[in-house]
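Coordinate inspection notes
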Amino acid sequence: MASLYDTAGIEELRSRNAVQPHRIKLFRTALFKKALGWGAALDTLPETARLDFSNHIEFQSLELLERHDSKTDGASKLIFKTPDQHLIESVILRPKTGRISLCISSQVGCACYCSFCATGMMGFTRNLTCDEILDQVLQASQIVKEEGRSIRNIVFMGMGEPLLNMEHLFSALAILCGPSFFNYAGSRLMVSTVGIPHAMARFSEQFPAVQLALSLHSARQAVREKLMPQARKYTLDVLRETLVEASRNGKVMIEYLLLAGVNDSVEDSQVLTDYLRDIPVHINLIPFNEYSGCNLHGTPLAERKAFADRLKAAGFNTTLRYSLGSDIAAACGQLVQHKNGL
Ligand code: SAH
């Protein structure tokens, strides 16, 4: 069986069926750029080759198990089953601007155990393969295509820490950007990380055009360590040097979750602006999505706005994020495997 993304395997199928090379281009365009599905992709091939292609290509590595559409906003949560029976989630976000984003997972569970994140509660099972990462994009693209739309941005903000699955992440990014595959501009893709300096450096070197987001959440070492165990290993000092390097490729997005009484004081905003001084960043303030079993609370909207105003006054490009998909538990940090699902 050849993977859909296996160039050598597809070439072998092409040559043994004497298919002209331009037909393979049409086949890939139908699948990856037009998101038409396998049936339509196979129809681009000569009739005599279709059976061999359909018998020897793995068109799907994930099974779409459930789809939940939000009643309050344009989010859809997709629950996929892997071949070894694990559940992962992707979310289609349809904000009012009309620019559709897809949030995808990079691992089954997560090994980072951030105290505010529901995914951490399920522990870590395994990395997703490159095909599993890409199949989320392919299947979501087909859903969005049926609505006459297309996915504009892809963010690695679902389940897992993408930079702890670097090999498969990098292969997936290369195919997402590949001109004969999905052909996404790097600026449409974003990888979000807890902050793993050596991996961030390699990422910046290999994918300078792809956007990087750092989940900072506090510029105080002690607070950050409480929120994110990884912070003990990768301190704010080292992270700052990495940020300076990464921002040479363009602005890095700083994600900052506002938690009542934890990281939202006037002093916290001051420490944050001192920490980020002179680094080209965009700060995105995230509202906390509560979930059962977590005793943290989000900062109320008025205080979130005040925090944003202080950052803006200090000269930082700052936005307040509004959460989509919270009624279907599809918002950030709510992507958690159904324990009784299977
Ligand atoms: N592991 C990566 C990507 C997954 S999380 C990372 O940490 O960046 C994507 C974003 O959602 C991160 O910024 C994360 O801190 C945030 N997040 C996690 N739990 C959340 C919650 N309960 N409410 C709001 N945002 C949350």
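About the cut-offs
- Numbers given for residues are sequential positions, taken from 1 along each chain in its written order.
- Where totals are concerned, whole chains, interfaces and linings use all residues; where local detail is concerned, this predicted model gives features only for residues with pLDDT of at least 70, and gives and counts side-chain atom pairs only at 80 or more.
- For side-chain calculations, the full set of non-hydrogen atoms in the structure is used, while hydrogens and water are omitted.
- Note on terminology: a nonpolar core comprises buried Ala, Val, Leu, Ile, Met, Phe, Trp, Tyr and Cys residues joined through side-chain atoms within 4.5 Å.
- Each residue gets one of three labels from its accessible area relative to the maximum for its type: buried under 20%, exposed over 50%, partly exposed in between, using a 1.4 Å probe on protein chains only.
- Runs of E in the DSSP output that reach at least two residues are strands. Runs of H or I that reach at least four are helices, and both are numbered from the N terminus.
- Reported domain spans reflect what an automatic or database domain assignment gives.
- The contact criterion used is simple: two residues touch if any of their non-hydrogen atoms lie within 4.5 Å.
- Proximity is defined per residue: if any heavy atom of the residue lies within 4 Å of a molecule or strand, that residue is considered near it.
- Two N or O atoms count as a polar contact when they lie within 3.5 Å, although within protein this holds only if one can serve as hydrogen donor and the other as acceptor, and sequence-adjacent residues are included solely when both atoms are side-chain atoms.
- Charged means Asp, Glu, Lys or Arg here, nonpolar means Ala, Val, Leu, Ile, Met, Phe, Trp, Tyr, Cys or Pro, and polar covers whatever is left, Gly included.
- Think of the arc as the fan of directions from the helix axis to the C-beta atoms.
- The term buried area refers to how much accessible surface (probe radius 1.4 Å) is lost by two components on association, counted for both of them together.
- A carboxyl oxygen of Asp or Glu within 4 Å of a side-chain nitrogen of Lys or Arg is what we treat as a salt bridge.

Let us look at the nonpolar core. Counting 101 residues, the largest nonpolar core has F53, L173, F182 and L276 as the members making the most contacts within it. In terms of residues, this core owes the most to one element, helix 5 (residues 130–146), which gives 8 residues. The residue makeup of this core includes at least three contributed by each of domain 1 (2–58) and domain 2 (63–328). Apart from residues no more than four positions distant in its own chain, L276 is found in contact with L216, R240, L243, I254, V281, I283 and F316. In terms of nonpolar packing, the next biggest core, distinct from the first, is built from 8 residues, V91, V155, A213 and M253 among them.

Near the ligand there are 21 residues, and of these F116, S192, S215, H217 and N289 occur at the shortest range. Within the side chain of S192, one N or O atom sits 2.6 Å away from an oxygen atom of the ligand. Between the ligand and N289 there is a distance of 3.0 Å, counted from a nitrogen atom to a backbone nitrogen or oxygen. Taken together, the elements giving at least two residues each to the shell around the ligand come down to strand 10 (189–193), strand 12 (252–258) and strand 13 (281–287). Residue classes in the shell around the ligand are distributed as 11 nonpolar, 8 polar and 2 charged.

Attention shifts here to helix 7 (residues 197–206). All buried positions along helix 7 are accounted for by P197, A199, M200, F203 and S204. Taken end-on, helix 7 shows its buried residues confined to a sector of 160 degrees, consistent with a single buried face. Residues of helix 7 that are exposed and point over 90 degrees away from its buried face: H198 and E205.

The subject of this paragraph is the domain arrangement of the protein. Accessible area lost when the parts come together is the quantity often used to give the size of an interface. When cut into domains, the protein gives domain 1 (2–58) and domain 2 (63–328). Each of domain 1 and domain 2 has a C-alpha centre, and the two are 34 Å apart. Domain 1 puts 12 residues into the contact, and the matching count from domain 2 is 13 residues. Summing both sides of the interface, domain 1 and domain 2 together bury roughly 1100 Å²; the carbon and sulfur share of this comes to 63%. When the buried surface of domain 1 facing domain 2 is broken down by residue, Y5, F32 and K33 rank first, second and third, together holding 52% of it. Counting across the domain 1 and domain 2 interface gives 0 salt bridges. The tally of links between domain 1 and domain 2 comes to 3 residue pairs in polar contact (both at pLDDT 80 or more).

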